[in-house]
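Chains, contacts and geometry: an overview
What follows is each chain in one-letter form.
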Amino acid sequence: MVQADKKLTEPETSTIFDLNNYLKQQKALVERALDQSIAIARPEKIYEAMRYSLLAGGKRLRPILCLATSDLTGGTLEMAMPTACALEMIHTMSLIHDDLPAMDNDDFRRGKPTNHKVYGDDIAILAGDGLLAYAFEYVATQTKNVNPENIIRVVARLGRTVGAAGLVGGQVLDLESEGKSEITAETLSFIHTHKTGALLEASVVSGAILANASEEHITRLSNYAQNIGLAFQIIDDILDITATDEQLGKTAGKDLQAQKATYPSLWGLEKSQAKAQELVDSAIAQLSIYGAKAEPLRAVAKYIVTRDR
Ligand code: GRG
């Protein structure tokens, strides 16, 4: 192990970590950076539409994960914040497109009318496209104090994550699977590792790449991310059944209505919850070598399985 890796390895200590306060603080930091990331220019309408969804709230989990991993592996806020913002731009554009009538056809997102309900389908498509393109521009032009080779690695990783090998591929299989009762656990897992897991994994991995972490750490952190990614989706499926529209900020019960295969439909609610807990335990086990420094990543994993929205 190289010297830099030794510094990351600390004995595990039990510290009291205030998860709520941590998430609140990090979310506020990310919100400020997002607000400053896009200024209104001409034509105003498209910038307003992009900002409408980008600044509509949400848990900001992807940027928080990127910042936490960068910090864990020796990076700074300056190194990771542009990528953290880009991850949220990509996530937001995927929500805008997912909500369109041609896809999931949702009227509410993050407690507000969806982008196309406010600006029309044409502008909503373009707002998504604008955010996606800007995410890449933002990483390439705003990242400071990072070796250019690592910036290119992050850009390449993001490209793979959003394309047919990631979100787009997962979404296509999801659309094809609607209304089919014979969906297997393997197909469901493909959909979710691509649609949801890939961006969560890229959030964690990009933080580590920016901090120039070793492959050994990147692999360990990827494993953490894959486990929380699947747990996140299982809880998402459970909340679609058990939570209210107000809690979710969108219409609950859409999976049943669209006859979508979900983890609760395959395993039942209780087994799904137990499986999510198992995955979070496995994710946390990956962090044992980091000691107290990994408390934020442990806390996010616990939050994923206990969240109610
Ligand atoms: C990426 C080019 C490109 C196209 C998009 C529409 C599409 C292709 C993919 C769908 C991706 C999608 C909407 C996945 C669902 C992921 C998910 C569980 C979203 C909810 O995430 P939260 O709970 O939401 O973190 P907040 O609002 O808190 O950020």
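Before reading further, recall that the structure is shown in the block above.
Counting restarts for each chain: residues are numbered from 1 in the order of the written sequence. Two thresholds apply to this predicted model, a pLDDT of at least 70 for residue-level local features and 80 or more for giving and counting side-chain atom pairs, whereas whole-chain, interface and lining totals are computed over all residues. Where side-chain values are given, they derive from all heavy atoms of the structure, hydrogens and water being excluded.

**Quick notes on the packing of aromatic side chains**
For this analysis, a ring pair means two rings from Phe, Tyr or Trp (six-membered ring only for Trp) whose centres lie within 6.5 Å, classed as stacked if their planes differ by under 30 degrees, edge-to-face if by over 60, and tilted for the remaining angles. According to the stated counting rule, one finds four aromatic pairs in the structure shown. Here Y263 and W267 contribute two aromatic rings whose centre-to-centre distance is 4.9 Å and whose plane-to-plane angle is 40 degrees, an arrangement assigned as tilted. Residue Y263 and its partner W267 are located together in helix α14 (residues 263-267), separated by four residues, close to a single helical turn. Buried means the residue's accessible area, taken with a 1.4 Å probe over protein chains only, is under 20% of the maximum for its type, while exposed means over 50%, and partly exposed covers the values in between. Judged by relative accessible area, which is 26%, W267 ranks as partly exposed. In this structure, R307 is placed above the aromatic ring of F232, and the distance from its NZ or CZ to the ring centre is 4.0 Å. Each helix is a run of H or I in the DSSP string that is no shorter than four residues. Each strand is a run of E no shorter than two, and both are numbered from the N terminus. For a ring to carry a charge above it, either NZ of a lysine or CZ of an arginine must fall within 6 Å of the ring centroid while also lying within 35 degrees of the normal to the ring plane.

**Description of the side chain of R51**
Looking at where R51 falls in the secondary structure, it is placed in helix α3 (residues 44-54). Whenever two N or O atoms come within 3.5 Å, that pair is a polar contact, provided that in protein one can donate a hydrogen and the other can accept it, and provided that, for residues adjacent in sequence, both atoms are side-chain atoms. Engagement of the side chain of R51 in a polar contact is seen with the side chain of D35, the distance being 2.5 Å. Note on contacts: a residue pair is in contact if any heavy atoms of the two residues lie within 4.5 Å. Among residues more than four places away in sequence, those in contact with R51 are D35, I38 and I40.

**Side note on the side chain of N227**
Of note, N227 is situated in helix α11 (residues 215-242). Judged by relative accessible area, N227 falls into the buried class, the value being 17%. N227 has contacts with L279, S282 and A283, leaving out every residue within four places of it along the chain.

**Some remarks on the packing of α3 against helix α7 (residues 121-142)**
It is the contact of α3 with α7, at a shortest axis distance of 9 Å, that shows an interaxial angle of 75 degrees. Between α3 and α7, the interaxial angle falls into the category roughly perpendicular. Contacts between α3 and α7 involve K45, I46, A49, M50 and L54 on the former and, on the latter, I123, L126, A127, G130 and L131. For helices, the fitted line uses only the C-alpha atoms of the stretch in contact; every axis is such a line through C-alpha atoms, and the angle between N-to-C directions lies from 0 to 180 degrees. Put simply, angles under 35 degrees are roughly parallel, angles over 145 are roughly antiparallel, angles from 65 to 115 are roughly perpendicular, and the rest are oblique.

**Thoughts on the nonpolar core**
L65, L131, L221, Y224, L297 and V300 are the most contacted members of the largest nonpolar core, which totals 86 residues. Not counting residues within four places of it along the chain, the set of residues in contact with L221 comprises T69, L72, T73, V204, A208, L287, Y290 and L297. Among buried residues, the Ala, Val, Leu, Ile, Met, Phe, Trp, Tyr and Cys ones that are joined through side-chain atoms within 4.5 Å form a nonpolar core.

**Re the pattern of salt bridges**
Salt bridge criterion: a side-chain nitrogen from Lys or Arg within 4 Å of a carboxyl oxygen from Asp or Glu. Evaluated as defined, the whole model comprises 17 salt bridges. In this structure, the salt-bridge partner of K254 is D106, at a minimum N-O distance of 3.3 Å. Separated by 148 residues along the polypeptide, K254 in helix α13 (residues 254-257) and D106 in the loop between α5 (77-98) and β1 (108-109) bring together distant segments of the chain. Residue class for K254 comes out partly exposed when judged on its relative accessible area of 21%. Between R153 and E215 there is a salt bridge whose closest N-O contact spans 3.2 Å.

**Things to note about empty space enclosed by the protein**
If a probe as big as a water molecule is rolled over the atoms, it shows which places are left empty. Here a cavity denotes a set of grid points, spaced 1 Å apart and computed over the protein atoms alone, in which a 1.4 Å probe fits but from which it cannot get out, and a pocket denotes an open set meeting protein on both sides within 12 Å along at least five of seven lines; residues with an atom within 4 Å of a point are reported as lining. Grid points are joined across faces, edges and corners, and a volume is the space filled by probe spheres set on the points. The final tally for this structure, using the stated rule, is one cavity of 30 Å³ or more. The calculated volume of the largest cavity comes to roughly 90 Å³. Taken together, 13 residues form the lining of the largest cavity, with S53, I96, D99, R109 and N115 sitting closest to its centre. The biggest single contributor to the lining of the largest cavity is α5, with three residues. Of the residues belonging to the lining of the largest cavity, the class tally is five nonpolar, four polar and four charged. Charged residues are taken to be Asp, Glu, Lys and Arg, nonpolar residues to be Ala, Val, Leu, Ile, Met, Phe, Trp, Tyr, Cys and Pro, and polar residues to be all remaining types, Gly included.

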